[in-house]
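Fold and contact review
Here's the letter readout for the chains.
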Amino acid sequence: MSSSSSTAVVAGDDEPFRQPLPEMICDDASAFDNAATQTFAFSSGNPRIEETRGVMHLFSSSSSDNSNDGVVGRKPLVCVLGVPNHMTYADFCQFCASFIQHILEMRIVRTDGMDDQYSVLIRFDSQDSADKFYQHFNGRQFNSLEEEVCHVLFTVYVQFTGYTGSLEHVQPAPTSSTEQPSCPVCLERLDQDTSGILTTICNHSFHCSCISKWTDSSCPVCRYCQQQPEKSICFVCQTSENLWMCVICGFVGCGRYKGGHAIIHWKETEHCYSLELETQRVWDYAGDNYVHRLIQSKTDGKLVELNSHCLHGKDNCGSCDCVDSGTSDALLSSKVEAIVNEYNELLAAQLENQKIYYETLLQEAKEETEKIISEAVKKAIAQKLQKMQAKLDRCVTEKKFLDDLNENLLKNQEMWKAKISEIEEREKMALRAKDDKIQDSEAQLRDLMAYLEAEKTLQQLSISNEIKDGTVLPMHCSGLTFLVFSLSSNLFSDLLVGEVMAQHPLS
């Protein structure tokens with residue numbers, strides 16, 4: 001029996017928020033419907049069984065920052081938003097372990113629009129504990145290796161808006177029950193005054209000290225996991241409908257009413273068992289029927305044994321007494337033995353097929369890897385050879401250029417040597433001509449000096465009458481010609497000749 005209801009239920013200061021209560025309106029709820037509050041829709045419970053929906057009215061971040069100044073209406077009820085899904089219940093309990101003794105109740109809820117995160121509603125034993133929790137954890141990283149930070153907001157009130165599911169799973173609130181529920185782990189009573197209570201996302205309650213020892217992300221009771229797996233798709237056509245997974249190798253393919261890739265996988269690999277992801281039923285392609293023994297109950301989500309069909313009953317209920325107990329035991333024993341033998345043979349055959357299949361895949365992967373390595377080596381060698389050839393061509397071009405340059409330099413050297421020799425010869429000839437000219441100039445200068453001296457002497461003797469009867473005689477000395485006057489006085493003639501000879505000795 002299932003029902004769907006919509007209520008407006010508000011959790012007050014003293015009442016827990018594990019289950020929706022009868023309809024009631026908080027007197028001061030309307031006083032906070034202003035811009036200072038934020039609303040977040042949430043849900044909890046296993047959607048396949050039951051689901052509770054509601055709305056959280058929280059103070060805005062700007063108002064919560066002034067909590068120490070006395071925000072009117074704040075309560076010892078806070079909400080931690082955006083907790084990563086990979087944090088288990090034990091991780092969160094360890095994160096806030098310093099305040100665990102002041103926590104009366106915690107509830108894990110799913111916030112709409114945050115698929116990979118969840119939120120935690122926490123009720124404290126006093127307002128001072130709630131304020132200290134906010135001051136200590138708001139803006140703090142959950143751990144040093146990740147960027148996610150803890151966002152804490154004070155809660156105005158929590159409003160439950162609806163419940164969907166079977167009525168037999170509705171648990172009455174502890175305030176309306178004469179006997180409190182017990183913790184599934186320690187079997188002690190769930191008394192929030194004695195120990196803090198944590199309600200998981202699937203609406204199962206535990207002591208905080210008990211759930212903190214559970215390191216798995218699933219619920220210890222129903223195994224519902226708060227971190228839902230990613231949506232599966234067909235490995236070939238990428239469709240997400242009518243999917244079947246091979247129970248041997250894990251291949252996910254679509255059914256025969258879509259692309260039929262699951263059947264194609266069975267024909268290629270001979271893996272005959274496939275699991276339908278939607279119903280969790282196992283299909284045998286070889287036997288062309290379902291072969292699962294256990295199915296998941298839609299009532300509570302637990303695994304139950306599939307009822308065997310009675311061959312004699314009209315409605316195949318399997319409850320008739322058509323055979324006696326001895327025959328039934330014998331048939332049961334033979335069926336069990338046959339099933340065990342069949343299962344062992346089938347398992348051995350499937351393992352052998354799986355071995356062959358994976359060995360083929362490994363061989364193909366090895367050959368493909370060798371081919372890729374060979375092509376990569378060839379490509380690398382070709383590139384290196386091309387680079388070396390280009391380098392060699394550059395070296396040959398540079399060598400040719402240097403040879404031409406050397407040849408031109410040698411030619412220029414010979415030409416300049418000839419020019420230098422010619423210039424040296426011209427310089428030598430010019431030096432010889434200059435020396436001859438200097439010698440001629442010196443000889444002419446000596447002749448001129450001698451002439452001037454003689455003329456001076458004649459001028460001095462012109463006063464005397466002794467030269468009146470004299471004659472001029474030429475005289476050669478060292479290539480020079482002198483004029484000697486023959487005087488009447490022999491003595492004067494001898495003196496003049498002696499003076500001239502003294503100034504110009506014979507060679």
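Relevant structure appears above.
Described below are features of the structure shown in this document. (Residues numbered from 1 in each chain as written. Predicted model: local features only at pLDDT ≥ 70, side-chain atom pairs only at ≥ 80, totals over all residues. Heavy atoms only, no water.)

Side note on the environment of H102
With respect to the helices, strands and loops of the structure, H102 is situated in the loop between helix 2 (89–95) and strand 6 (103–111). The spatial distance from the C-alpha of H102 to the C-alpha of R123 is 8.8 Å, given a sequence separation of 21 residues. Apart from the residues within four sequence positions on either side, H102 is in contact with R123, F124, D125 and S129. (Helix = DSSP H or I, 4+ residues; strand = E, 2+ residues; numbered from the N terminus. Contact = heavy atoms within 4.5 Å.)

Quick look at the pattern of salt bridges
Tallied over the entire structure, the rule returns 9 salt bridges. The residue E276 makes a salt bridge to R281 at a minimum N-O spacing of 3.6 Å. E276 sits in the buried class, given a relative accessible area of 10%. R281 sits in the partly exposed class, given a relative accessible area of 29%. Residues E422 and R426 are paired through a salt bridge, measuring 3.0 Å at the closest nitrogen-oxygen approach. Here E422 and its partner R426 are both found in helix 6 (residues 325–461), 4 residues apart, which amounts to about one turn of the helix. (Salt bridge = Lys/Arg side-chain N within 4 Å of Asp/Glu carboxyl O. Buried < 20%, exposed > 50% of the residue type's maximum accessible area, 1.4 Å probe, protein only.)

A look at the side chain of S119
Note that S119 resides in strand 7 (residues 117–124). In terms of polar contacts, S119 uses its side chain to reach the side chain of T111, at 2.5 Å. Beyond its immediate chain neighbours, meaning those up to four positions away, S119 contacts C79, V80, L81, G82, R107, I108, V109 and T111. (Polar contact = N/O pair within 3.5 Å; in protein donor to acceptor, adjacent residues only side chain to side chain.)

Quick word on the sheet that holds strand 14 (residues 281–284)
Pairing in this open sheet of 5 strands is antiparallel, and the strands run 12-11-13-14-15 from one edge to the other. Both outer strands of the open sheet, strand 12 (252–254) and strand 15 (289–290), are each paired with one neighbouring strand and no more. Looking at chain direction, strand 14 and strand 15 are connected through 2 bridges and run antiparallel. Counterpart to W283 in the pairing with strand 15 is Y290. Taken strand by strand, helix 5 (residues 261–269) contacts strand 11 (243–246) and strand 12, and its axis lies near 125 degrees from that of strand 12. (Pairing = 2+ DSSP bridges. Axes fitted to C-alpha atoms, helices over the stretch in contact; angles between N-to-C directions.)

So yeah, pure geometry; function would need other evidence.
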